[in-house]
Amino acid sequence: MNLFYTATDHFVLSPAIQLAFWGCAILLLDTWLIPDPRKRRWLVPIFVLPAIVLTAIALGKQHAYLVSEGAREISAFNGALTVDGFALFFNWVFLISTLIVSIVSYRYLEIEGEHHGEYYGLILLANCGMFFLATGTDLVTLFVGLELMALCFYVMVGFLRGERRSNEAALKYLILGAFSSALLVYGFSLFYGMAGATKLSVIVKAMQGRDPWDPVLFLAMATTSVGLLFKISAAPFHMWAPDAYEGAPTTTTAYLSVASKAASIAFLLRIFLGPLDVARPAWEPLLAGVAILTMTVGNFAAITQTNVKRLLAYSSISHAGYMLLGLIAGNDTGLKGIAVYVLVYTFMNLGAFLVVIALRRQNIIGEDVADLAGLAKRHPGYALLMLVFLLSLAGIPPTAGFLGKYYIFLSLVETGHYVLAVIGTLYVAVAIYYYFRIVRSMYLDEAAADTAPLASTVGLRFAVGVSGLLTLCIGIYPEPFLRLAHTSLLK
Amino acid sequence: MQGVPLSWYLILSAILFALGVAGFLFRRSIITVFMSIELMLNAVNLSFVAFSYQFKQVDGHLFTFFVMVVAAAEAAVGLAIILTVFRNRATLNIDEINSLKY
Amino acid sequence: MSFLGWFLLTPLAAFLLLLLLPREQEKTIRVAALALSLAIFGLSLGLLAGEPRETDLAWIPELNIRYHVAVDGLSIWLILLTTLLTPISILISWKYIDRRVKEFHAFLLLLEFGVLGVFAAMDLFLFYVYWEVGLVPMYFLIGIWGHDRRIYAAVKFFLYTMAASVLMLASIIYVYQRAGTFDYPAILAMLASGKLTFTSLEQTLLFLAFFVAFAVKVPLFPLHTWLPDAHVEAPTAGSVMLASVLLKLGTYGILRFCLPMFPTAARENAGWIAVLAIVGIVYGALVAMVQPNVKKLVAYSSVSHLGFVILGIFSFNQQGFDGAVYQMLNHGVSTGALFMLVGYLYERRHSLEIQDYGGVSTPAPWLSTVFLITTLASIGLPTLNNFVGEFLVLQGAAQADFRWAVFAATGVILSACYMLWMYQRTFYGETPEKVTHQMTDLNGREWAAILPLLALMVWMGTAAETFLPRISAANRLILQQTTVNVPFNVQTPAPRPDVAAKEIADAR
C-alpha cells in the first residue's frame, strides 16, 4: 500500500515495459544512433523480434503464475492494473497480430517507398497501449492506454505522406477519434463524480443499487458508449472506418482492423460489464438497436464496394455488430463467444488483408476487386487461402468464422433474444453476396493480360499460411481453442 | 464563506463541452475544429477538478494531468497531420478534403 | 471408429490426394480420380452387408457436438446412388472438361464428401456443417466450367440455398437449447418420452424454418426458380450431380428431420404443402412442354417429378413414404441418365436447342435406343423404375385425399407428352440444314457410363424387392415417429427381410 513500486507491480507491468522500451529504442535507433541509411533499413526492424520474444516470455510468466497459484488475478498498482484470464487472452491476441504485421511490413513499406524504422516503433508502442487497455482496471489507465494506442494509429494511418488518401484518412480518423475520446473522458468524469474514485472496482460498488434510468448515469453511459462504439466502428459512429481502412497503408489497415478492434472490445467489455452493469436494462435495448444498425450498414454498404480494402472495412463493421450481439446476450456463452469471435476474427481478417498486401507490387496497387481477377490461375495457393479466409468471414462451416458466429447465435438463443438471432443469421446470407464477389473474381474471372507476378517474401507466405491453417483448424477441431477462450471468462 | 456550489462547475463544464461539440460539428477550418476538441477536453478537466475538490481527493487532479498530457500529444500529432494535408492540398477547409468517397 | 466412419472420410482423402497431383498431368488426374471414386463405390457396397454401421465420437465436447453418423434404409441407397454417380460423372467429363482438370475433379470429390456426410449425419450440428460443405464445390462447378450465364446461375444457386439454410441454423440452435443435445436419436427419444415438448407455436415456426431450407433444395414450387438456370448453365457432370444427388438432400432432410421432430406441425401443414407439390407437378410439366432448350426441359421435368416425392411424403402413410423414397432413387437414376445423354448430344453438336437436332436416330441408332429407354423410364412406363415409385406415391396420395391422386396423375400424362414430343423432335424427323457436326454413335466410354444406369432402370423397375424392404423398414419407423403420442423404439435396426417383404407384399 505504501511502497512506491513493488515486485508485483513490476511483474504485472513487465510486458508493457518490454514493449515501451523496445519501441522507444527503435525510435532512437532510427533517428540518431545509426547514421547509415542502408544499414538502417534492415537493422532497425530486427529489433522488433527481441521485443516480441521478451514480451511473450513476460506474458508466459504471468500465465504460469496464475496457473500455479490457482489465482484468478494479479492486481497491481493498488488495483489500477489487473492481470486475469481476460487480460492474458487479449494480450496474446495483440502480440500475435503485432508479430504478423511486423513480419509483412518490411516489403510492403519498401514498395510504398516509406520504409522508416519508426513504423515498427509505433507498432510496438501501439501494442503497449493495447496492453493497458486489456489489463487496465482504472479509468486513468484505460484512458491513457486508449490514447497511446490511438495516437500511434493516427500516425501509422497517415504514414504514406505523399499520398492524398493516406493524409485524408489520417485526418478523418484523428478528428473523429479525438472527438470520441473527449466524449469518453466526459463520461469518465461523470463516473468519477458518482463514485468518488477512478478504480473500476470501487466504481462498481458505488453503482450498486442505482436506478438504471438515473439521468446522470444515463448521461455517463451515453457519452462513454459513444467513445467506445466509435473505437469498434459500430454504426452510427462508423464513418471513419472505410476511409481510414482504405487510405492507410494496408499493413496498418490489417493491424487496425484486428488489434485495435480487439483492444476496443476488451475496453468495451471492461466498462459495460463493470460500472455499467447495473444499467443493463437501459443499455441493452439501445445496444441491440446499435448492433442491428451496425450489421445493416456494414452488410449493405459492402455490397456496392469495388475496393477490397473498403469492402473489408465494411465487413469489419458488420463483424463488430456480431461481437456486440454477444455482449447483449451477456451470459457466459455470450462472453465466451466474444472471446472466440475475437480470436477467429484476428486470424481470418489478418489473413484476408495479408493477401491484399501480397498483391501490392511495383506500379500496381492491387486493391480493386478486379485486380484479383484470375488469381486462382496465377497463384492458386494465395487464391485458396483467400477463399478460406472469405468463407470464414462469411461464416460457412467448417471454418473458424462459423464457430465464432455459432457461439454468438447460441448465446442469443440461450438468453431468449430470438429476433436478434434470426436477424444475425439472415445477415450471414447477405454477407455471402459480397464475399463471393471476391471469390468470383479470383476463380471465375479471367486475369488481365499483362499482370506482374506477386513478389511474396518468405515472411508473407509464412504469415498467410499460418493464418489460413489456423482458420481451418479452429473450424475443424476447435476444442483446444475453445478451452483457451473458456479460461478467459470474466468474473 | 459559502464557496461556489458544485453544480455550477458542472453546468459550466457541460456548457463548455456543448460549445466544443457545436464547434466541432459546424466549423469548417481544421484548426478551428481542433480548437473545439481542445475545448471539450478542457471542459472535462474542469469537471474532474470540481469533483476532485468536492471529494477532497487528488485522483481527479491526477486525471486532469493525464488528460492535459494526452491533449498535448494529440495536438502535436494532429497538427503534424494537418501540416501534411496542407502540403498536399493547400486548403484547410474540411469540406474540400473529400477524395475518399462513400 | 467403425467402417462407416472411415468410409465417410474416404472422399476427403481422395480430394486431398488429388490436390497433391501436379496440374499438368491431366490424364493421370482423370485416371486417379476415376480409380479413387470407383474404389469408394466398392467400399460403399460393403455398407450393404451387415453391421456395424454407426460411429459416435466426441468432436467438440465443449459444445456437446459429436461426430455421430449412421445409416439406415432411408440413407443407404442414397449413399450408394451418390457413390455410383461420382465415377460416372468423371467418365462423362473425360473429353468434356479440358481446362483446370485438377480443380474439377477435386471439387467433384469434395462435393461427394459433403453429400455423403449429409446422408449419414445423426448430429444436428454435423448435419448443418455437411449441408454447407456441399454448397461451395457446386458453386465452383457451375461457375467455372459452365456455359454463358454460369456466374449468374452459380450465384443464384448459392445465395438462394444459403439464405434458406441459415434459418435452419437458427432453428437447430433453438432445438439444441431446448433439448440440451445435438444428438438426433437422443432428441427423438426425448420427444417420445415426453421429456421434450414443443409448443404449437414453436413447432410451427421450427417446422417452417427447417422446411423452407429443405424446400428450396427439393425444389418445391415456388422456390424452384434457381433450378432451371443452374441446370442449363452447369457442365454435364455438374447437372448430373445436381439432379441426381443434390436435389435428394432436400427430400431426405424433410423425411429424416422435419417429420419426426415436428409431427404435429407437419401434419397440420400437409394440406397446403401437398397442394404446392401438385402445382409443381403440373406447372413443371406444362412449362417443360414449351421449352426450346432441352436441358431446361429436363430441369422442369425434375421439378415435376420431385413434386411426386413431396406428395408422397405428405400423404403420411407407408405407401406414400415408400413411393417417395423410391422415387427419389428413380429420379436420380433416370434424370441423371437424361442429363448424361443430353451431354452426349451436346458434345457432338455443341448446342442445347432442340431445333438444332432432328433425325439423330439415323446416324446414331444406339444412342437413340438408349435415349428412348431413358425417356420411357422417366415417363413411368411399367417394368422401368419410375413406374413403381409413381404408383406407390399415387396409391399413398389417394389414401390421403383422392383428389390429390387425380391431379397428380395428370402429371404422369403430361410428362409423357413433353418427353415423347422432345424425343420425336430430336431423334426423328428431318435433320436441319445448317447442321455441320457429324453425329457419331456411342463410343465405349459413353457406353460404360450409361450402362449401369440403364441396368438400374430395368432392375429397379422389375425387381424392386431388392431395394424396397430396407426402405420400408426405415419408413415404418419414421411413420411411427410422426404418429403423435405413440411410444416407439428409437434404434435404427437392420431390416428383417422376411417381415419387410411381407409388408411390401401387403402394400401392393
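Bear in mind that the values here come from a model prediction, so they are computed numbers and not experimental data.

A.B. asks: Just to check I follow, could you spell out the layout of surface pockets for this structure?
C.D. replies: Unfilled space is identified by rolling a water-sized probe across the atoms. In this structure, the largest pocket spans a volume of roughly 1,400 Å³. Every residue lining the largest pocket is counted, 43 residues in all, and those nearest its centre are A:Leu472, C:Leu12, C:Phe15, C:Leu16 and C:Leu110. Only helix H16 (380-394) and helix H19 (458-476) of chain A together with helix H1 (3-20), strand E1 (54-60), helix H4 (101-120), helix H5 (124-133) and helix H6 (135-145) of chain C provide two or more residues apiece to the lining of the largest pocket. At 7 residues, the largest contribution of residues to the lining of the largest pocket is made by H16(A). Of the residues contributing to the lining of the largest pocket, the split by class is 37 nonpolar, 3 polar and 3 charged.

A.B. asks: Sorry if this is basic, but what is going on with empty space enclosed by the protein here?
C.D. replies: Applying the stated criterion across every chain yields a total of 9 cavities of 30 Å³ or more. For the largest cavity, the full set of lining residues is A:Ile432, A:Tyr433, A:Phe436, A:Arg437, A:Arg440, C:Tyr139, C:Val155, C:Phe158 and C:Leu159. Counted by class, the lining of the largest cavity contains 7 nonpolar, no polar and 2 charged residues.

A.B. asks: How do you make sense of the pairing of strand E2 (residues 81-84) of chain A when you look at a structure like this?
C.D. replies: In regular strands, side chains alternate between the two faces of the sheet. Residues and elements named next belong to chain A. On E2, burial covers both faces: Leu-81 and Val-83 on one face and Thr-82 and Asp-84 on the other are all buried. Direction of pairing for strand E1 (residues 73-76) relative to E2: antiparallel, over a ladder of 4 bridges. What sits directly across from Ile-74, in E2, is Val-83.

A.B. asks: What's the story with the packing of aromatic side chains in this structure? I'm lost.
C.D. replies: Ring pairs (aromatic) are described by centroid distance and by the angle formed between their planes. Counted under the stated rule, the structure contains 74 aromatic pairs over all chains. Between C:Phe107 and C:Phe140, the ring centres sit 4.8 Å apart and the planes meet at 10 degrees, which makes this aromatic pair stacked. Here the residue C:Phe107 occupies a position in helix H4, and C:Phe140 occupies one in helix H6, the gap between them amounting to 33 residues. With respect to burial, C:Phe107 and C:Phe140 carry one shared label: buried. Taken together, a centroid distance of 6.3 Å and an interplanar angle of 50 degrees make the contact between C:Phe316 and C:Phe321 tilted. The class for C:Phe316 is buried, based on a relative accessible area of 11%. Its relative accessible area of 0% is what places C:Phe321 among the buried residues. Site record: aromatic cluster; members linked through ring pairs are A:Phe143, A:Phe188, A:Tyr192, A:Phe267, B:Phe48, B:Phe51, B:Phe55 and B:Phe63.

A.B. asks: Any chance you could explain the environment of A:Ile432 here in plain terms?
C.D. replies: With respect to the helices and strands, A:Ile432 occurs in helix H18 (residues 418-443). Setting aside residues no more than four positions away along its own chain, A:Ile432 makes contact with A:Ala394, A:Ile396, C:Phe158, C:Leu159 and C:Met162.

A.B. asks: It is not clear to me how the confidence of the model for chain C should be interpreted in this structure. Could you clarify?
C.D. replies: As a general rule, the predicted coordinates of low-pLDDT regions are not to be interpreted in detail. Residue and element names in this part refer to chain C. When the pLDDT values of chain C are averaged, the result is 85; 93% of them are 70 or greater. Model confidence for chain C, summarised as mean pLDDT per element, is weakest for helix H20 (residues 497-507) at 50 and strongest for H4 at 92. Taken together, the stretch residues 485-500 has pLDDT below 50 and engages in 19 contacts with residues farther than four places along the chain or on a different chain. Among the prediction metrics, the complex's ipTM stands at 0.92, with pTM recorded as 0.88.

A.B. asks: Got a minute to help me understand the interface of chain A and chain B in this structure?
C.D. replies: How big an interface is tends to be reported as the loss of accessible area on association of its parts. Of the residues lining the interface, 43 residues belong to chain A; the matching set on chain B comes to 41 residues. For the pair chain A and chain B, the summed buried surface comes to about 3,600 Å²; carbon and sulfur atoms form 75% of the total. For the pair chain A and chain B, the number of links is 0 salt bridges. Summed over the shared surface of chain A and chain B, the number is 7 residue pairs in polar contact (both at pLDDT 80 or more). With 23 residues, helix H7 (residues 164-195) of chain A is the single largest residue contributor to the side of chain A that touches chain B. Partitioned by chemical class, the residues of the side of chain A that touches chain B number 25 nonpolar, 8 polar and 10 charged.

A.B. asks: I tried to follow the pattern of salt bridges on my own but got confused; where do I start?
C.D. replies: Between side chains of opposite charge, a pair can form as their charged atoms come close. Per the stated rule, a full pass over the model turns up 18 salt bridges over all chains. Across the salt bridge formed by A:Glu246 and A:Arg310, the nearest N and O atoms sit 2.4 Å from each other. Of this pair, A:Glu246 sits in helix H10 (residues 240-247) while A:Arg310 sits in helix H13 (residues 308-329); the two residues are 64 residues apart in sequence, bridging distant segments of the chain. With a relative accessible area of 4%, A:Arg310 lands in the buried category. We note a salt bridge from C:Arg100 to C:Glu103, for which the minimum N-O separation is 2.9 Å. Taking relative accessible area as the criterion, C:Arg100 reaches 12% and is therefore assigned buried.

A.B. asks: Looking at this model, I keep getting lost on the arrangement of the chains. Mind explaining?
C.D. replies: Most contacts, compared over the 2 pairs of chains touching, are made between chains A and B. There is a clear gap between chain B and chain C: no contact, and 26 Å between their nearest C-alpha atoms.

The rules behind each value
Residues numbered from 1 in each chain as written. Chains lettered and ligands numbered in written order. Predicted model: local features only at pLDDT ≥ 70, side-chain atom pairs only at ≥ 80, totals over all residues. Heavy atoms only, no water. 1 Å grid on protein atoms, 1.4 Å probe; cavity = no way out; pocket = protein on both sides within 12 Å on 5 of 7 lines; lining within 4 Å. Points joined across faces, edges and corners; volume = space filled by probe spheres on them. Helix = DSSP H or I, 4+ residues; strand = E, 2+ residues; numbered from the N terminus. Nonpolar A, V, L, I, M, F, W, Y, C, P; charged D, E, K, R; others polar. Buried < 20%, exposed > 50% of the residue type's maximum accessible area, 1.4 Å probe, protein only. Pairing = 2+ DSSP bridges. Phe/Tyr/Trp six-rings, centres within 6.5 Å; stacked < 30°, edge-to-face > 60°. Contact = heavy atoms within 4.5 Å. pLDDT = per-residue confidence, 0-100. Buried area = accessible area lost by both parts, 1.4 Å probe. Salt bridge = Lys/Arg side-chain N within 4 Å of Asp/Glu carboxyl O. Polar contact = N/O pair within 3.5 Å; in protein donor to acceptor, adjacent residues only side chain to side chain.

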